[in-house]
Amino acid sequence: QVRLVESGGGLVQPGGSLRLSCTASGSGMNFNVYAMDWYRQAPGKQREWVAGTRTGGSTKYADSVKGRFTISKDDAKNTLYLQMNNLKDEDTAVYSCNAEIGFPGGSAYDYWGQGTQVTVTS
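Residues numbered from 1 in each chain as written. Predicted model: local features only at pLDDT ≥ 70, side-chain atom pairs only at ≥ 80, totals over all residues. Heavy atoms only, no water.

**Some details on the pattern of salt bridges**
Okay, step 1: Under the criterion given, the structure shown has six salt bridges.
Okay, step 2: In this structure, R54 engages D37 in a salt bridge whose closest nitrogen and oxygen atoms are separated by 3.0 Å. With R54 in the loop between β5 (48–53) and β6 (59–61) and D37 in strand β4 (residues 32–41), this pair connects stretches of sequence that are 17 residues apart.
Okay, step 3: When its relative accessible area of 38% is taken as the criterion, R54 is described as partly exposed.
Okay, step 4: When salt bridges that share partners are traced, they join R40, E48, R68 and D91 into one network. (Salt bridge = Lys/Arg side-chain N within 4 Å of Asp/Glu carboxyl O. Helix = DSSP H or I, 4+ residues; strand = E, 2+ residues; numbered from the N terminus. Buried < 20%, exposed > 50% of the residue type's maximum accessible area, 1.4 Å probe, protein only.)

Encoded structure:
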């Protein structure tokens, strides 16, 4: 079974930085990671899309994080990163990664990580 495991969340002051990681792994399984995205959900709010990367390296960002967050992916490690700079109070949320993963035979499925808490507070 494929799993997504996030890490890197924590407590940071406004203006600070954090780097989140999300690694796709699957006990010897043969799979390809197609799209990977970061989402976040703040208390009392709906989950929102933050940033995404696609096969070929294209990236997109939500307007609220453009210029402050950078998404990147290490294909060899099946790991997605989110470098978050100049963090603001409103960035406080649980951050989760999502991946579209394909398997031999053509099937593909969406997977979610368990989430990592990011808290921005002075």
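**Let's talk about the packing of aromatic side chains**
Okay, step 1: Counting across every chain of the model gives three aromatic pairs.
Okay, step 2: The interplanar angle of 55° and the centroid separation of 6.0 Å between the aromatic rings of F103 and Y109 together place this pair among those described as tilted.
Okay, step 3: Here Y109 falls in the partly exposed class, since its relative accessible area comes to 46%.
Okay, step 4: Through pairs of rings, three or more aromatic residues link up here, namely F103, Y109 and Y111.
Okay, step 5: Sitting above the plane of the W112 ring, R47 keeps its charged end 3.9 Å from the centroid. (Phe/Tyr/Trp six-rings, centres within 6.5 Å; stacked < 30°, edge-to-face > 60°. Lys NZ or Arg CZ within 6 Å of the ring centre and 35° of its normal.)

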